[in-house]
Amino acid sequence: MPATLKPAAEMARNAKTPFPGASAAYEEARRALLAEEIEFRRHMSRLTEQRRALPPGPVIAKNYRFQDEQGSEVGLIDLFGDKQTLMAYFWMYGPQRERPCPMCTNWLGAVHGNAADIKQRVALKVLGRSSVERQLAFAQERGWRDLNFVQTVGDDYARDLGILMPDGSEYPALTIFRRDGDKVRLFWASEMAREMADPGQDPRDAPDIAALWSILDLTPEGRGTDWYPRLRYD
(Lines give C-alpha, C1' and ligand atoms only; values in the text may rest on other atoms or scores of the structure.)
Protein backbone atom coordinates (compact mmCIF):
# COMPACT_ATOMS: atom_id res chain seq x y z
CA MET A 1 0.00 0.00 0.00
CA PRO A 2 1.17 3.60 -0.53
CA ALA A 3 3.10 5.09 2.37
CA THR A 4 0.72 8.08 2.55
CA LEU A 5 -3.00 7.42 2.48
CA LYS A 6 -5.85 9.87 2.53
CA PRO A 7 -7.49 9.93 5.99
CA ALA A 8 -10.36 7.49 6.18
CA ALA A 9 -12.71 10.06 7.71
CA GLU A 10 -12.05 12.39 4.77
CA MET A 11 -12.80 9.62 2.29
CA ALA A 12 -15.97 8.68 4.17
CA ARG A 13 -17.38 12.19 3.70
CA ASN A 14 -17.90 11.30 0.02
CA ALA A 15 -20.45 8.64 0.93
CA LYS A 16 -24.05 8.98 -0.25
CA THR A 17 -26.88 7.03 1.37
CA PRO A 18 -28.57 5.18 -1.52
CA PHE A 19 -32.15 6.02 -0.49
CA PRO A 20 -33.65 9.40 0.53
CA GLY A 21 -35.02 10.25 3.95
CA ALA A 22 -32.05 9.35 6.17
CA SER A 23 -31.89 11.32 9.40
CA ALA A 24 -28.88 13.46 10.25
CA ALA A 25 -28.09 11.01 13.07
CA TYR A 26 -28.05 8.09 10.63
CA GLU A 27 -25.86 9.96 8.14
CA GLU A 28 -23.36 10.92 10.82
CA ALA A 29 -23.21 7.42 12.33
CA ARG A 30 -22.92 5.81 8.90
CA ARG A 31 -20.02 8.06 7.89
CA ALA A 32 -18.23 7.25 11.15
CA LEU A 33 -18.79 3.55 10.52
CA LEU A 34 -17.58 3.87 6.94
CA ALA A 35 -14.35 5.45 8.14
CA GLU A 36 -13.83 2.46 10.44
CA GLU A 37 -14.61 0.08 7.55
CA ILE A 38 -11.97 1.80 5.41
CA GLU A 39 -9.45 1.48 8.24
CA PHE A 40 -10.40 -2.17 8.67
CA ARG A 41 -9.86 -2.81 4.96
CA ARG A 42 -6.43 -1.21 5.21
CA HIS A 43 -5.57 -3.29 8.27
CA MET A 44 -6.71 -6.43 6.43
CA SER A 45 -4.41 -5.54 3.53
CA ARG A 46 -1.47 -5.09 5.90
CA LEU A 47 -2.27 -8.39 7.60
CA THR A 48 -2.38 -10.19 4.24
CA GLU A 49 0.96 -8.72 3.23
CA GLN A 50 2.46 -9.72 6.59
CA ARG A 51 1.18 -13.29 6.17
CA ARG A 52 2.63 -13.60 2.67
CA ALA A 53 5.97 -12.30 3.97
CA LEU A 54 6.34 -15.07 6.56
CA PRO A 55 9.81 -16.69 6.41
CA PRO A 56 9.95 -20.37 5.41
CA GLY A 57 8.11 -22.51 7.93
CA PRO A 58 9.31 -25.80 9.37
CA VAL A 59 9.86 -28.79 7.12
CA ILE A 60 7.26 -31.49 7.70
CA ALA A 61 9.60 -34.33 8.64
CA LYS A 62 7.07 -37.01 9.62
CA ASN A 63 5.87 -39.27 6.80
CA TYR A 64 2.12 -38.73 7.19
CA ARG A 65 0.08 -41.13 5.10
CA PHE A 66 -3.29 -40.64 3.44
CA GLN A 67 -5.70 -42.57 1.25
CA ASP A 68 -7.00 -40.66 -1.76
CA GLU A 69 -10.23 -41.05 -3.73
CA GLN A 70 -8.63 -43.68 -5.98
CA GLY A 71 -7.84 -45.84 -2.94
CA SER A 72 -4.09 -45.24 -3.20
CA GLU A 73 -1.96 -44.59 -0.13
CA VAL A 74 -0.04 -41.36 -0.65
CA GLY A 75 2.18 -38.94 1.26
CA LEU A 76 1.62 -35.28 2.04
CA ILE A 77 3.61 -34.06 -0.96
CA ASP A 78 1.43 -36.15 -3.28
CA LEU A 79 -1.62 -34.11 -2.25
CA PHE A 80 -0.16 -31.05 -4.02
CA GLY A 81 -0.63 -32.49 -7.50
CA ASP A 82 0.94 -29.97 -9.87
CA LYS A 83 0.53 -27.02 -7.48
CA GLN A 84 3.06 -25.31 -5.21
CA THR A 85 0.59 -24.69 -2.40
CA LEU A 86 -1.77 -27.07 -0.59
CA MET A 87 -4.80 -25.91 1.39
CA ALA A 88 -5.79 -28.78 3.70
CA TYR A 89 -8.97 -28.60 5.77
CA PHE A 90 -9.41 -31.27 8.43
CA TRP A 91 -13.11 -31.66 9.15
CA MET A 92 -14.85 -33.24 12.10
CA TYR A 93 -16.07 -36.47 10.55
CA GLY A 94 -14.32 -39.18 12.47
CA PRO A 95 -15.47 -42.80 12.41
CA GLN A 96 -17.21 -42.37 15.77
CA ARG A 97 -19.58 -39.70 14.37
CA GLU A 98 -22.90 -40.69 12.80
CA ARG A 99 -22.93 -37.43 10.83
CA PRO A 100 -20.26 -34.79 10.26
CA CYS A 101 -20.03 -31.56 12.23
CA PRO A 102 -22.73 -29.10 11.06
CA MET A 103 -20.34 -26.13 11.15
CA CYS A 104 -17.69 -28.00 9.14
CA THR A 105 -20.46 -28.92 6.70
CA ASN A 106 -21.55 -25.31 6.45
CA TRP A 107 -18.00 -24.12 5.81
CA LEU A 108 -17.34 -26.77 3.17
CA GLY A 109 -20.62 -25.94 1.46
CA ALA A 110 -19.44 -22.36 1.02
CA VAL A 111 -15.99 -23.47 -0.12
CA HIS A 112 -17.54 -25.89 -2.60
CA GLY A 113 -19.11 -22.96 -4.43
CA ASN A 114 -15.60 -21.63 -5.12
CA ALA A 115 -13.66 -24.90 -5.22
CA ALA A 116 -13.28 -25.10 -9.01
CA ASP A 117 -11.80 -21.60 -9.01
CA ILE A 118 -9.61 -22.16 -5.93
CA LYS A 119 -8.12 -25.28 -7.53
CA GLN A 120 -6.93 -23.23 -10.48
CA ARG A 121 -4.47 -21.58 -8.06
CA VAL A 122 -3.75 -24.09 -5.29
CA ALA A 123 -4.41 -27.70 -4.33
CA LEU A 124 -7.47 -28.06 -2.09
CA LYS A 125 -8.03 -31.21 -0.06
CA VAL A 126 -10.53 -32.12 2.65
CA LEU A 127 -9.03 -34.50 5.20
CA GLY A 128 -11.04 -36.72 7.51
CA ARG A 129 -10.57 -39.72 9.76
CA SER A 130 -13.55 -41.50 8.21
CA SER A 131 -13.03 -43.62 5.11
CA VAL A 132 -12.97 -41.86 1.76
CA GLU A 133 -16.09 -43.80 0.78
CA ARG A 134 -17.97 -42.51 3.79
CA GLN A 135 -16.88 -38.94 3.14
CA LEU A 136 -17.81 -39.19 -0.54
CA ALA A 137 -21.24 -40.57 0.32
CA PHE A 138 -21.98 -37.49 2.39
CA ALA A 139 -20.54 -35.24 -0.32
CA GLN A 140 -22.91 -36.81 -2.85
CA GLU A 141 -25.81 -36.19 -0.48
CA ARG A 142 -24.87 -32.49 -0.33
CA GLY A 143 -24.20 -32.19 -4.05
CA TRP A 144 -20.50 -31.44 -3.59
CA ARG A 145 -18.86 -32.32 -6.91
CA ASP A 146 -15.72 -30.16 -6.78
CA LEU A 147 -14.28 -31.08 -3.37
CA ASN A 148 -11.60 -33.76 -3.07
CA PHE A 149 -11.67 -35.95 0.04
CA VAL A 150 -8.77 -37.78 1.66
CA GLN A 151 -8.65 -40.16 4.61
CA THR A 152 -5.88 -39.77 7.13
CA VAL A 153 -4.16 -43.13 7.66
CA GLY A 154 -3.71 -43.44 11.39
CA ASP A 155 -4.15 -40.52 13.74
CA ASP A 156 -0.66 -39.00 13.80
CA TYR A 157 -1.65 -36.06 11.58
CA ALA A 158 -4.63 -35.04 13.71
CA ARG A 159 -2.82 -35.75 16.96
CA ASP A 160 0.25 -33.73 15.98
CA LEU A 161 -1.95 -30.80 14.99
CA GLY A 162 -3.47 -30.96 18.47
CA ILE A 163 -7.01 -31.45 17.18
CA LEU A 164 -7.63 -35.04 18.33
CA MET A 165 -8.49 -35.38 21.98
CA PRO A 166 -7.85 -38.51 24.12
CA ASP A 167 -11.60 -39.27 24.16
CA GLY A 168 -11.71 -39.30 20.35
CA SER A 169 -13.38 -35.92 19.94
CA GLU A 170 -12.02 -33.68 17.21
CA TYR A 171 -11.55 -30.06 16.23
CA PRO A 172 -11.30 -28.70 12.69
CA ALA A 173 -8.08 -27.28 11.29
CA LEU A 174 -7.15 -25.25 8.25
CA THR A 175 -3.49 -25.62 7.29
CA ILE A 176 -1.58 -24.18 4.34
CA PHE A 177 1.50 -26.06 3.14
CA ARG A 178 4.14 -24.96 0.61
CA ARG A 179 6.20 -27.21 -1.63
CA ASP A 180 9.97 -26.64 -1.33
CA GLY A 181 11.64 -28.89 -3.88
CA ASP A 182 11.08 -32.43 -2.70
CA LYS A 183 10.12 -31.24 0.79
CA VAL A 184 6.94 -29.79 2.30
CA ARG A 185 6.98 -26.79 4.61
CA LEU A 186 4.29 -25.34 6.78
CA PHE A 187 3.27 -21.92 5.49
CA TRP A 188 0.41 -21.02 7.84
CA ALA A 189 -1.94 -22.78 10.22
CA SER A 190 -4.99 -21.54 12.06
CA GLU A 191 -3.69 -20.98 15.59
CA MET A 192 -6.39 -18.94 17.34
CA ALA A 193 -7.13 -21.49 20.03
CA ARG A 194 -10.06 -21.48 22.41
CA GLU A 195 -8.10 -19.76 25.16
CA MET A 196 -7.45 -16.83 22.79
CA ALA A 197 -11.14 -15.99 22.43
CA ASP A 198 -12.27 -12.66 23.84
CA PRO A 199 -15.00 -12.67 26.52
CA GLY A 200 -18.39 -13.55 25.09
CA GLN A 201 -17.00 -14.77 21.77
CA ASP A 202 -16.49 -18.16 20.22
CA PRO A 203 -12.88 -18.78 19.18
CA ARG A 204 -12.43 -17.75 15.57
CA ASP A 205 -9.82 -16.59 13.14
CA ALA A 206 -9.42 -13.09 11.79
CA PRO A 207 -10.52 -12.78 9.13
CA ASP A 208 -13.33 -15.18 9.90
CA ILE A 209 -12.99 -17.94 7.31
CA ALA A 210 -16.67 -18.91 7.64
CA ALA A 211 -18.72 -16.99 5.07
CA LEU A 212 -21.86 -17.66 7.14
CA TRP A 213 -20.68 -15.52 10.04
CA SER A 214 -19.20 -12.78 7.86
CA ILE A 215 -22.53 -12.43 6.04
CA LEU A 216 -24.61 -12.45 9.24
CA ASP A 217 -22.30 -9.80 10.71
CA LEU A 218 -23.74 -7.41 8.09
CA THR A 219 -27.26 -7.77 9.49
CA PRO A 220 -28.97 -6.04 12.46
CA GLU A 221 -29.44 -9.41 14.18
CA GLY A 222 -25.80 -10.38 13.75
CA ARG A 223 -24.58 -13.90 14.34
CA GLY A 224 -26.45 -14.29 17.62
CA THR A 225 -25.25 -15.99 20.77
CA ASP A 226 -27.03 -19.35 20.74
CA TRP A 227 -27.66 -20.17 17.08
CA TYR A 228 -25.58 -22.59 15.04
CA PRO A 229 -26.19 -24.18 11.64
CA ARG A 230 -27.76 -27.61 11.41
CA LEU A 231 -27.48 -30.37 8.85
CA ARG A 232 -31.24 -30.20 8.22
CA TYR A 233 -33.97 -27.64 8.91
CA ASP A 234 -37.10 -29.65 8.18
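Attention here is on the structure that accompanies the text. For clarity, every value in this text was computed on a predicted model and none was experimentally measured. Each chain has its residues counted from 1, running along the sequence as written. Where totals are concerned, whole chains, interfaces and linings use all residues; where local detail is concerned, this predicted model gives features only for residues with pLDDT of at least 70, and gives and counts side-chain atom pairs only at 80 or more. Processing note: side-chain calculations cover all non-hydrogen atoms of the structure and skip hydrogens and water entirely.

1. Observations concerning the overall build of the protein chain
Then, number 1: In terms of helices and strands, the protein chain carries six helices and seven strands.
Then, number 2: A helix here means a DSSP run of H or I that spans at least four residues, while a strand means a run of E at least two residues long, and both kinds are numbered starting from the N terminus. For the protein chain, the succession of helices and strands along the chain, N to C, is α-α-β-β-β-α-β-α-β-α-β-β-α.
Then, number 3: Overall, the C-alpha framework of the protein chain stretches about 65 × 50 × 35 Å when taken along its three principal axes.
Then, number 4: Residue burial is assigned from relative accessible area. The probe radius is 1.4 Å, only protein chains are included, and a residue is buried under 20% of its type maximum, exposed over 50%, and partly exposed in between. Looking at the 234 residues of the protein chain, the share that counts as buried comes to 32%.
Then, number 5: Should any heavy atoms of two residues lie within 4.5 Å, those residues are counted as being in contact. Taking the contacts inside the protein chain whose residues are at least 6 apart along the sequence as the reference set, 64% of them involve residues at least 24 apart.
Then, number 6: What sets the accessible areas is the Shrake-Rupley method with a 1.4 Å probe; for residues, cover comes only from the shown protein chains. Counting every atom, the protein chain has about 14800 Å² of accessible surface; 53% of that belongs to carbon and sulfur.
Then, number 7: A positive count includes Lys and Arg, and a negative count includes Asp and Glu. His and the chain ends are not counted in either. The location of each charge is read from NZ of Lys, CZ of Arg, CG of Asp or CD of Glu. Here the protein chain contributes 32 positively and 34 negatively charged side chains, and the mean placements of these two sets differ by 4 Å.

2. A word on the nonpolar core
Then, number 1: In this text, buried Ala, Val, Leu, Ile, Met, Phe, Trp, Tyr and Cys residues form a nonpolar core when linked through side-chain atoms within 4.5 Å. Formed by 22 residues in total, the largest nonpolar core has its most connected members in Y89, W91, W107, L108, W144, L147 and F149.
Then, number 2: Looking at this core, the elements that each hand over two or more residues are α3 (102–121), β4 (123–128), α4 (132–142) and α6 (211–216).
Then, number 3: Residues in contact with W107, not counting those within four places in the same chain, are Y89, L174, I209 and A210.
Then, number 4: Residues F66, A88, I163 and V184 belong to the second largest nonpolar core, which totals 19 residues.

3. Considerations on helix α2 (residues 24–52)
Then, number 1: An expected span of 1.5 Å times one less than the residue number is assigned to each helix. Helix length check: α2 (29 residues) gives 42 Å between terminal C-alpha atoms against 42 Å at 1.5 Å per residue, within 8%.
Then, number 2: Buried residues of α2: A35, I38 and R42, and no others.
Then, number 3: Contacts made by the buried residues of α2 are with α1 (8–12).

4. Considerations on the pairing of strand β7 (residues 183–189)
Remark: a regular strand shows side chains that alternate across the two faces of the sheet.
Then, number 1: Of the pairings in the sheet, the one linking strand β6 (residues 173–180) to β7 comprises six bridges and is antiparallel in character. Pairing of R178 across the sheet is with R185, part of β7.
Then, number 2: DSSP-based pairing: two strands are paired if at least 2 bridges between them are found. Hairpin remark: β6 followed by β7, antiparallel, with two residues in the connecting loop; positive phi at G181, about 65°.

5. Re the packing of aromatic side chains
Then, number 1: Centres within 6.5 Å are what make two rings of Phe, Tyr or Trp a pair, Trp counting through its six-membered ring; a difference in plane orientation under 30 degrees is then read as stacked, over 60 as edge-to-face, and the rest as tilted. Counting across every chain of the model gives twelve aromatic pairs.
Then, number 2: With a centroid separation of 6.1 Å and an interplanar angle of 50°, the aromatic rings of W91 and F138 are classed as tilted. Taken together, the residues W91 in the loop between β3 (85–90) and α3 and F138 in helix α4 connect sequence positions 47 residues apart. By the burial criterion, W91 is buried, and F138 matches it.
Then, number 3: With centroids separated by 6.3 Å and ring planes inclined at 10°, the aromatic side chains of W144 and F149 adopt a geometry described as stacked.
Then, number 4: With a relative accessible area of 1%, F149 lands in the buried category.
Then, number 5: Among the aromatic residues, those joined into a cluster by ring pairs are W91, Y93, F138, W144 and F149.

6. So, the sheet that holds β7
Then, number 1: Pairing within the open sheet is mixed, and its seven strands lie in the order β2-β1-β5-β4-β3-β6-β7. The open sheet has two edge strands with one neighbour each: β2 (73–75) and β7. Averaged over all pairs of adjacent strands, the angle between strand axes in this sheet comes to 35°, irrespective of strand direction.
Then, number 2: Of the strand pairs in this sheet, β3 and β4 are connected by five bridges, and their pairing is parallel. Within the sheet, the bridge partner assigned to Y89 lies in β4 and is V126.
Then, number 3: Between the N-to-C directions of two axes lies an angle of 0 to 180 degrees, each axis being a line fitted to C-alpha atoms and, for a helix, fitted only over the stretch in contact. The strands that α4 touches are β1 (65–67), β4 and β5 (149–153); relative to β5, the one it contacts most, it runs at about 150°.

On their own, these measurements won't tell you what the molecule is for.
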